[in-house]
Amino acid sequence: MQTKISSLLSVVESFTANSVHEVEEFRVKMFGKKGDLTLLFDEFKQVPGEVKRELGQKINELKSKAQSRISELKQAFDIADAPTFALDASRPGSADKLGTRHPIASVRSEILAIFRQLGFAVAEGPEIEDDRHVFGALNFPPEHPARDMQDTFFIEKSANGENPILLRTHTSSIQVRVMEKQQPPIRIVCPGRVFRNEAISARAHCMFHQVEGLYVDQNVSFADLKQTLLYFAKELFGANVEIRLRPSFFPFTEPSAEMDVSCSICGGKGCNICKGTGWLEVGGCGMVDPNVLDSCKIDSKTYGGFAFGMGVERIAMLKYQARDLRLYFENDVRFLRQFTAAM
Ligand code: DAH
């Protein structure tokens, strides 16, 4: 037994392995059911009492040497097999890809921020509307072409055919919703999506964004409207910008005007963006028609107001000079990535 112990001891001490697998094989060879050490322990049970103590010590020594040799080798292979990057503290980190704000979202918040400075509150309304809020209360006569099937997406005809459900064609409907609930003074800007039954092209889309503005109080004049729009244009396009109001027609305003800003690209000299005119059209405006106030139960003899509406894509196109409207809705990251700094 003594010799068996010494020869096993030299086996253990000289054991080396080329893989974890070999270490495992060795463990089984030693400690498995029929392993050398297991058998040795079985044999030990039979040894006579006088030598038990001495042999017992030696066997235990052999056992712990074998165990520590095995775990030593296993650990060495564990470290060698571990993925190397876990150890490479000098490896450069990979940058997180940050998202960007959509250009339409950033232009919309820029517009709203300017009007907030002037004390306008933000109001919103439903995209699925009824005829009264989109047309009727805004003084559109029943036969007005804007109600035509070609412009409006109708959703549901009402039972009596009077107030069909439809997708709003402009954010002016929010004016009506606010005026129905609130008496003057009213000072609001209303951002939102609008829908029109149009063929999609570089210049037109069936869905786009508008910001509507409404100011109702006593003694509101056309000069107030003009000054508000001038302030807005200077904040958005720069201090040197000029505005021009051209007579126009909208059923809900009287008088009505089309608002142009001097071309920020050529400074008003004329270029291909402004088609040589020096002016860019940004939206419509006017003094609220008394019929609109009356239909919302606001006394048009005491109160008056102005309103304006502008297209967010139109302003984005002027700001960024991306001239195909469809780019704003396709969400192609190659386009969107260019707006990383536009927060
Ligand atoms: N709602 C008009 C449109 O969609 C824009 C507009 C024009 C709004 C004049 C107004 C306004 O409030 O006064 O074309």
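Computed from a predicted structure; not experimentally measured. (Residues numbered from 1 in each chain as written. Predicted model: local features only at pLDDT ≥ 70, side-chain atom pairs only at ≥ 80, totals over all residues. Heavy atoms only, no water.)

## Things to note about the packing of helix α5 (residues 103-117) against helix α10 (residues 312-320)
The test is simple: Fitted lines through C-alpha atoms give the axes, limited to the stretch in contact for helices. The angle between two N-to-C directions lies from 0 to 180 degrees. Each helix is a run of H or I in the DSSP string that is no shorter than four residues. Each strand is a run of E no shorter than two, and both are numbered from the N terminus. An angle counts as roughly parallel when it lies under 35 degrees, as roughly antiparallel when it exceeds 145, as roughly perpendicular when it falls between 65 and 115, and as oblique in every other case. Any two residues whose heavy atoms approach within 4.5 Å at even a single point are treated as in contact. When residues are sorted by character, Ala, Val, Leu, Ile, Met, Phe, Trp, Tyr, Cys and Pro go into the nonpolar class, Asp, Glu, Lys and Arg into the charged class, and all the rest, Gly among them, into the polar class.
Two numbers describe how α5 lies on α10: the axes approach to 9 Å, and their chain directions differ by 100 degrees. Classified by the angle their axes make, α5 and α10 are roughly perpendicular. Contacts between α5 and α10 involve Pro 103, Ile 104, Ser 106, Val 107, Arg 108, Glu 110 and Ile 111 on the former and, on the latter, Val 312, Glu 313, Ile 315, Ala 316, Lys 319 and Tyr 320. Of the residues belonging to the contact of α5 with α10, the class tally is eight nonpolar, one polar and four charged.

## Comments concerning the pattern of salt bridges
Side-chain pairing between opposite charges can occur once the charged atoms of the two side chains come close. For clarity, the cut-off: The term salt bridge refers to a pairing of a side-chain nitrogen on Lys or Arg with a carboxyl oxygen on Asp or Glu at a separation within 4 Å. Note on classification: 1.4 Å probe, protein chains only; a residue is buried when its accessible area is under 20% of the maximum for its type, exposed when over 50%, partly exposed between these limits.
Across all of its chains, the model carries 17 salt bridges by this definition. One salt bridge connects Arg 193 with Glu 127, and the closest N-O pair in it is separated by 3.0 Å. One end of the pair, Arg 193, is in strand β5 (residues 186-195); the other, Glu 127, is in the loop between β1 (121-122) and β2 (128-130), and 66 residues separate them in sequence. As a salt-bridge pair, Arg 177 and Glu 129 come within 2.7 Å of each other at their nearest N and O atoms. Placement of Arg 177 in helix α7 (residues 172-181) and of Glu 129 in strand β2 is noted, with a sequence separation of 48 residues between them. Given the relative accessible area of 25%, Arg 177 is considered partly exposed. A relative accessible area of 2% places Glu 129 in the buried class. Via salt bridges that share partners, Arg 244, Arg 246, Asp 260 and Glu 281 belong to a single interconnected network.

## With respect to unusual backbone geometry
For the bond running from Pro 184 to Pro 185, omega is 5 degrees, close enough to zero to count as cis. As for its placement among the helices and strands, Pro 185 is situated in the loop between α7 and β5. In this structure, Pro 255 follows Glu 254 across a cis peptide bond, with omega equal to -5 degrees. You can see Pro 255 is positioned in strand β8 (residues 253-262).

## Some words on the sheet that holds β8
This is how it is decided: When DSSP finds two or more bridges between two strands, those strands count as paired.
A sheet is described by the order of its strands in space; here seven strands give the open sequence β1-β5-β6-β10-β9-β8-β7, paired in mixed fashion. Two strands in the sheet have a free side with no partner beyond their single neighbour: β1 and β7 (243-250). Note that β8 and strand β9 (residues 279-288) share eight bridges and pair antiparallel. Bridge pairing links Glu 258 to Gly 284 in β9.

## Some points on the side chain of Thr 253
Stated precisely, the cut-off is as follows: Here a polar contact is recorded for every N or O atom pair within 3.5 Å, except that within protein the pair must consist of a potential hydrogen donor and a potential acceptor, and residues adjacent in sequence are included only if both atoms are side-chain atoms.
Position of Thr 253 among the secondary structure elements: in strand β8. We classify Thr 253 as buried; its relative accessible area is 2%. For Thr 253, the side chain forms a polar contact with the side chain of Ser 256, separated by 2.7 Å. If we skip the residues at most four places from it in the chain, Thr 253 touches Cys 285, Gly 286, Met 287, Val 288, Asp 289 and Ala 307.

## What to know about the nonpolar core
Convention followed: Take the buried residues of types Ala, Val, Leu, Ile, Met, Phe, Trp, Tyr and Cys, join any two whose side-chain atoms come within 4.5 Å, and each joined set is a nonpolar core.
Core analysis: the largest hydrophobic core is formed by 44 residues, its most contacted members being Ile 111, Phe 232, Val 261, Phe 308 and Ile 315. Elements represented by at least two residues in this core include exactly α5, α8 (222-237), β8, β9, β10 (304-311), α10 and α12 (333-336). Once residues within four sequence positions are removed from consideration, Phe 232 is found in contact with Ile 111, Ile 114, Phe 115, Met 259, Met 310 and Ile 315. Counting 24 residues, the second largest nonpolar core, distinct from the first, contains Met 179, Val 292, Leu 293 and Cys 296.

## Some details on the site of the ligand
Applied cut-off: If even one non-hydrogen atom of a residue comes within 4 Å of a molecule or strand, that residue is called near it. Surface exposure here means Shrake-Rupley accessible area, sampled with a 1.4 Å probe, where a residue is shielded only by the protein chains that are shown.
Taken together, 15 residues sit near the ligand, with His 170, Ser 172, Arg 196, Gln 210 and Glu 212 positioned nearest. Taking Ser 172, its side chain carries an N or O atom lying 3.0 Å from a nitrogen atom of the ligand. Backbone polar atom of Ala 307 to an oxygen atom of the ligand: 3.2 Å apart, as the coordinates give it. Contact with the protein chains covers 89% of the free accessible surface of the ligand, which is 360 Å². Of all the secondary structure elements, the ones that give two or more residues to the shell around the ligand are α7, β6 (207-217), β9 and β10. Residue classes in the shell around the ligand are distributed as five nonpolar, eight polar and two charged.

## Examining helix α1 (residues 2-14)
Let me state the cut-off plainly: The span one expects for a helix is its residue count, reduced by one, times 1.5 Å. Here the arc refers to the directions that run from the helix axis out to each C-beta atom.
Compared with the 18 Å implied by 1.5 Å per residue over 13 residues, the 19 Å span of α1 between its first and last C-alpha is a close match. Taken together, the buried positions of α1 are occupied by Ile 5, Leu 8 and Val 12. Buried positions in α1, seen along its axis, are confined to an arc of 70 degrees and lie on one side of it. Residues of α1 that are exposed and angled more than 90 degrees away from the buried face: Thr 3 and Ser 14.

## A look at the sheet that holds strand β4 (residues 165-167)
An order of β2-β4-β3 is seen for the three strands of this open sheet, with the pairing classed as antiparallel. Here the strands that pair on one side only, and so sit at the sheet edges, are β2 and β3 (154-156). Between one strand axis and the next, the sheet turns through 40 degrees on average, direction left out of account. Bridging between β2 and β4 involves three bridges; their strand directions are antiparallel. Opposite Asp 130, over in β4, you have Ile 165 as the bridge partner.

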